[in-house]
Amino acid sequence: RFLREHLERTDFPAGFHIAGLPEIERIAKRLWPAKSHPQRQEILEAISQWKAGCDYDQNPANIPKELAEYHDSLRASGLLDFDDLLGETYKLLKAQPEVLAHVQASYPFVFVDEYQDINGIQHSLLKILVGGGRSASGAEGPPGGVLLTAIGDPHQSIYSFRGSDLKFFESFPQDFPGAVIRTLKENYRSAPNLLKASTQMMASNSSVKVPELVAKIYTQGHLTLHEAATDKAEAEYVVHTIEKLLAGTSLFSHDSRRVDAGSSASCSFGDIAVFYRLKAQAELLKEALDRSGIPYQITGEKPLLEEPGIYEVVMLFRLAQGWSVPSERVECLSEAFGEGIHWPTVLIN
């Protein structure tokens, strides 16, 4: 939207649009016909990595040799790829001070979440947007200054494969002079034993100092570390642990001696949750739970808007703002919330 608003200041055609995957693959095949599909994908990935990781404040280095011809082919077709959006925005702001001043006046507050995962172009764009603005202490800076607030955790950085770099997190005080750093030490999620164990792990795998965390949950609990030989063995271990907590879920639990016959349950099904990192783990867990006859529910498989009731609530807010809403949704909302609600005048599709 920003680039379209300032189209006359760019060399993009009026009808430019963002290249989709099929268009990018057609361009790659035309440019490098002798290469296999995996080889072309490797080239495109290198180009994307370079665009995302490039710090535009510095002299770009290690430019992929195929970048120029790919760039020219995109522009000849009136296209930008997704990675171009931030790069071209930065170039426009850098070259047009009056546009930059307008943007800074329009957006005096900038908030960045997950700051540990920003990449080079995002870093460059933030620096030019904030400029010589106000510090986080709230002190007034030069006219047009922008107040930046960022939150992040260097121990949760997971997007280096997309070009993110922790050096930007570490250089924050130098990049934005006058910044006030506040460390959130109080933890309301985890018991002391878990905090202690996680702090030890982070300290041994990071050059960034780990702050001393203070638990605000006072139940101790205990932590068990188990190293499984395979992913299937891991799923079976989870099931075995559940059976022990429940003192057995079937006669087989006792016959197989997975659970002692005289043991007593320490919790019920509703007290147990299994967290997993990757969706691939879910299938193995489901198979293992099904084999043992353990009932379960899986959350988070569907987008939030598809969860029961969520879409209807969103439509209710849209109705309140006078948005156009499909007639069947109005009927559904009437049933869900009753006739006592004052429905505003709406356009029915």
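Anything mentioned here points back to the structure above.
Residues numbered from 1 in each chain as written. Predicted model: local features only at pLDDT ≥ 70, side-chain atom pairs only at ≥ 80, totals over all residues. Heavy atoms only, no water.

Novice: In this structure, what is going on with unusual backbone geometry? I would like to understand it.
Specialist: Leave glycine aside and you will find that most residues have negative phi; peptide bonds, for their part, are mostly trans. Phi at glutamate 114 is positive, roughly 55°, even though this residue is not glycine. For glutamate 114, the location among the structural elements is in the loop between strand S3 (109–112) and helix H7 (120–130). (Helix = DSSP H or I, 4+ residues; strand = E, 2+ residues; numbered from the N terminus.)

Novice: I'm lost on the packing of helix H5 (residues 84–95) against H7 in this one. Help?
Specialist: Two measures define how a pair of helices packs: the angle their axes make with one another and the distance between the axes. In contact at an axis separation of 10 Å, H5 and H7 are set at 30° when each is read in the N-to-C sense. As the angle between them shows, H5 and H7 are arranged roughly parallel. Crossing of H5 over H7 shows left-handed handedness. Here H5 contributes Leu86, Gly87, Thr89, Tyr90, Leu93 and Lys94 to the contact with H7, which in turn contributes Ile121, Gln122, Ser124, Leu125, Ile128 and Leu129. Grouping the amino acids of the contact of H5 with H7 by side-chain chemistry returns seven nonpolar, four polar and one charged. (Axes fitted to C-alpha atoms, helices over the stretch in contact; angles between N-to-C directions. Parallel < 35°, antiparallel > 145°, perpendicular 65-115°, else oblique. Left-handed = near helix turned anticlockwise from the far one by under 90°. Contact = heavy atoms within 4.5 Å. Nonpolar A, V, L, I, M, F, W, Y, C, P; charged D, E, K, R; others polar.)

Novice: Hey, could you run me through the pattern of salt bridges in this one?
Specialist: One side chain can pair with another of opposite charge once the charged atoms of both are near each other. With the rule as written, the count across this model stands at twelve salt bridges. The partner of glutamate 88 in a salt bridge is arginine 75, and the shortest N-O contact between them spans 3.0 Å. Of this pair, glutamate 88 sits in helix H5 while arginine 75 sits in helix H4 (residues 67–76); the two residues are 13 residues apart in sequence, bridging distant segments of the chain. Note on accessibility: glutamate 88 and arginine 75 belong to one class, buried. Between glutamate 283 and lysine 286 there is a salt bridge, with the nearest N and O atoms lying 3.0 Å from each other. Highlighted residues: glutamate 283 and lysine 286, both in helix H13 (residues 279–292), separated by three residues, approximately one helical turn. Overall, glutamate 283 belongs to the partly exposed group, its relative accessible area being 43%. Salt bridges sharing common partners tie together Lys51, Arg75, Asp81, Asp84, Glu88 and Lys91. (Salt bridge = Lys/Arg side-chain N within 4 Å of Asp/Glu carboxyl O. Buried < 20%, exposed > 50% of the residue type's maximum accessible area, 1.4 Å probe, protein only.)

Novice: What am I meant to see in the packing of helix H11 (residues 231–245) against H13 here?
Specialist: Between H11 and H13, the shortest axis-to-axis distance is 9 Å and the interhelical angle comes to 45°. Taken together, H11 and H13 sit at an angle that is classed as oblique. H13 is crossed by H11, and the crossing has right-handed handedness. Side by side, H11 and H13 meet where Asp231, Lys232, Glu234, Ala235, Glu236, Val238, Val239, Ile242 and Glu243 of the first sit next to Gln281, Leu284, Leu285, Ala288, Leu289, Arg291 and Ser292 of the second. For the contact of H11 with H13, the class distribution of residues is eight nonpolar, two polar and six charged.

Novice: Explain H11 to me, please; I cannot follow it from the model alone.
Specialist: For an α-helix the count is 3.6 residues per turn, leaving residues at separations of three or four pointing the same way. An ideal rise of 1.5 Å per residue puts 21 Å on 15 residues; H11 measures up with 22 Å between its terminal C-alpha atoms. For H11, the complete set of buried residues consists of Ala235, Val239, Ile242 and Glu243. Considered in projection along H11, the buried side chains sweep an arc of 100° and stay on one side of the axis. Just past H11, the residue alanine 247 takes up positive phi, approximately 60°. (Expected span 1.5 Å × (residues − 1). Arc of directions from axis to C-beta.)

Novice: How should I be thinking about the nonpolar core in this particular structure?
Specialist: Soluble, globular proteins show a tendency: their nonpolar side chains are buried together. The biggest cluster of nonpolar side chains holds 31 residues, and the ones touching the most others in it are Phe2, Leu3, Trp32, Tyr70 and Leu93. Only helix H1 (2–5), helix H2 (21–31), helix H3 (37–53), H4, strand S2 (79–80), H5, helix H6 (97–106) and H7 provide two or more residues apiece to this core. Not counting chain neighbours up to four residues away, the residues in contact with phenylalanine 2 comprise Thr89, Leu92, Leu93, Val99 and Val103. Grouped together as the second largest cluster of nonpolar side chains are eleven residues, Val110, Val146, Leu148 and Phe168 included. (Core = buried A, V, L, I, M, F, W, Y, C linked by side-chain atoms within 4.5 Å.)

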